[in-house]
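Each chain, letter by letter, is given below.
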Amino acid sequence: MPGSHARPTPPTTDDITVDFGIDDIILSYHSDYWIAADHDDGVQQWDIGMHFAEDGPGPQFGRISLHLVDHNRCFDPIAACDALSEDLFTISKALFDPSLGLRQDLWDRLSCPGNTIIVDSVSIDSRLRGHGLGVLLTGMALDYLSNGTGVIALFPGPVERRTDTPYEEACARLGRAWSRLGFTPYRDGVWILDPGLITLHEAVAAEQQRLAGHRWRITLRYTSNHWGGDITAITSVMSKSAPWSRPPTAYTAPLQAT
């Protein structure tokens with residue numbers, strides 16, 4: 001049964017505990033648009049929050065940072081990405097030729113050339129890791145924003161380097177996770193997804209079905225603003241995650257790494 005998200009009245013200082021599932025999660029989308037022409041570099045920056053539902057977006061437990069390169073307005077994607085972050089610069093050098101835009105080999109293989117989405121970073125509360133929830137929610141955000149997109153790219157590296165796990169091993173593990181959405185290796189450690197050739201919507205649906213029976217018990221602490229201002233505890237109370245299998249859709253052969 002879905003958890004009740006009504007705030008207790010009158011409020012107390014006691015914590016409340018609610019069970020949440022996939023259907024009790026909300027994604028919030030935020031993007032700034034500068035009117036001044038000198039601020040418009042042709043790159044849209046999207047900040048997407050992962051929230052538990054509490055009469056709308058409640059406490060946030062993760063975030064996704066995406067950048068959409070509009071090829072009609074961004075005349076130098078490498079320079080624009082370099083101005084934003086080192087990671088975006090690294091990914092842009094793999095995707096773009098300074099004089100041509102998208103690399104010719106990539107352009108020739110895309111089913112429907114269009115704008116480029118770069119996944120800059122994905123972070124999620126460590127207590128929710130290990131189930132593929134971040135991959136699912138990122139896939140949902142990409143599915144929502146990918147209209148008119150020719151290619152989606154990311155670097156499957158962890159947000160934080162940990163001393164207990166070799167970085168290369170962490171990248172390989174994340175690569176396997178992102179491959180469930182259809183990402184394949186392309187160049188210089190960058191992975192790509194062609195939303196025109198691989199039905200991203202079907203892959204997301206398969207991931208959602210895999211986690212449909214999973215539930216988390218969340219303890220929320222009251223703040224002066226609202227319940228759920230702080231998440232004090234997260235435990236997995238029902239893990240019915242089905243093993244992943246490729247969804248029954250017409251996938252094409254992945255691009256070969258170069």
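The structure this text deals with has already been given above.
These remarks concern the structure in this document. (Residues numbered from 1 in each chain as written. Predicted model: local features only at pLDDT ≥ 70, side-chain atom pairs only at ≥ 80, totals over all residues. Heavy atoms only, no water.)

## Here we look at the side chain of S92
Okay, so step 1: Among the secondary structure elements, S92 is positioned in helix α2 (residues 86–95).
Okay, so step 2: Of note is the side chain of S92, whose polar atom sits 2.8 Å from the backbone oxygen of F89.
Okay, so step 3: Non-local contacts of S92, meaning those with residues more than four positions away in its chain, are made with P77, I78 and C81. (Helix = DSSP H or I, 4+ residues; strand = E, 2+ residues; numbered from the N terminus. Polar contact = N/O pair within 3.5 Å; in protein donor to acceptor, adjacent residues only side chain to side chain. Contact = heavy atoms within 4.5 Å.)

## Brief notes about the pairing of strand β9 (residues 184–187)
Okay, so step 1: For β9 and strand β10 (residues 190–193), the ladder comprises three bridges, and the chain directions are antiparallel. Bridge pairing in β10 links T184 to I192.
Okay, so step 2: As consecutive antiparallel partners, β9 and β10 are separated by two residues, and within that stretch D188 has a phi angle of approximately 50°, a positive value. (Pairing = 2+ DSSP bridges.)

## As for the sheet that holds strand β1 (residues 16–21)
Okay, so step 1: One open sheet accounts for three strands, arranged β1-β11-β12; its pairing is antiparallel. Two strands bound the open sheet, and with one partner strand each, they are β1 and β12 (230–238). Strand-to-strand twist in this sheet, taken as the mean axis angle between neighbours without regard to direction, amounts to 25°.
Okay, so step 2: With seven bridges joining them, strand β11 (residues 215–221) and β12 adopt antiparallel strand pairing. Paired with R215 across the bridge in β12 is M238. (Axes fitted to C-alpha atoms, helices over the stretch in contact; angles between N-to-C directions.)

## Observations concerning the packing of aromatic side chains
Okay, so step 1: Across all of its chains, the model carries five aromatic pairs by this definition.
Okay, so step 2: A centroid spacing of 6.4 Å and a plane angle of 80° characterise the contact between Y29 and W46, whose relative ring orientation is edge-to-face. Taken as a pair, Y29 in strand β2 (residues 25–30) and W46 in strand β3 (residues 43–53) lie far apart in primary sequence, 17 residues in all.
Okay, so step 3: Considering the side-chain rings of W178 and F183, the 6.0 Å spacing of their centres and the 75° angle between planes classify their relative orientation as edge-to-face. F183 matches W178 in its accessibility class, with the two residues each being buried.
Okay, so step 4: Taken together, the ring pairs connect F20, F52 and F61 into an aromatic cluster. (Phe/Tyr/Trp six-rings, centres within 6.5 Å; stacked < 30°, edge-to-face > 60°. Buried < 20%, exposed > 50% of the residue type's maximum accessible area, 1.4 Å probe, protein only.)

## Describing helix α4 (residues 133–145)
Okay, so step 1: The terminal C-alpha atoms of α4, which comprises 13 residues, lie 19 Å apart, in line with the 18 Å expected from a rise of 1.5 Å per residue.
Okay, so step 2: Taking burial as the measure, the 13 residues of α4 include ten buried ones, the bulk of the element.
Okay, so step 3: Within α4, burial applies to L133, G134, V135, L136, L137, T138, G139, A141, L142 and L145. (Expected span 1.5 Å × (residues − 1).)

## Quick look at the pattern of salt bridges
Okay, so step 1: In the structure shown here, the tally under the stated rule is nine salt bridges.
Okay, so step 2: The residue R217 makes a salt bridge to D19 at a minimum N-O spacing of 2.7 Å. Of this pair, R217 sits in strand β11 while D19 sits in strand β1; the two residues are 198 residues apart in sequence, bridging distant segments of the chain.
Okay, so step 3: Measuring nitrogen to oxygen at the nearest pair gives 3.3 Å for the salt bridge that ties D24 to R215. Of the two residues, D24 sits in the loop between β1 and β2 while R215 sits in strand β11, which places them 191 residues apart along the sequence. Residues D24 and R215 agree in their burial class; the two are buried.
Okay, so step 4: Taken together, the salt bridges that share partners define one network made up of R180, E207 and R210. (Salt bridge = Lys/Arg side-chain N within 4 Å of Asp/Glu carboxyl O.)

## Topic: the nonpolar core
Okay, so step 1: Grouped together as the largest cluster of nonpolar side chains are 39 residues, with contacts concentrated most on F61, L133 and F183.
Okay, so step 2: Per-element accounting of this core gives the leading share, seven residues, to α4.
Okay, so step 3: Apart from the residues within four sequence positions on either side, L133 is in contact with I22, I25, F61, I124, L128, L211 and W216.
Okay, so step 4: Of all hydrophobic cores here, the second largest spans 20 residues; its members include L106, I118, Y186 and I192. (Core = buried A, V, L, I, M, F, W, Y, C linked by side-chain atoms within 4.5 Å.)

## Some remarks on the environment of N72
Okay, so step 1: Along the chain, N72 turns up in the loop between β4 (57–69) and α1 (77–82).
Okay, so step 2: Along the chain, N72 and G42 lie 30 residues apart, while their C-alpha atoms are 7.8 Å from each other.

## Some words on α2
Okay, so step 1: Listed as buried for α2 are L88, I91, S92, A94 and L95. End-on view of α2: buried residues confined to an arc of 155°, all on one side of the axis. (Arc of directions from axis to C-beta.)

Read these as layout, nothing more, since geometry by itself doesn't imply function.
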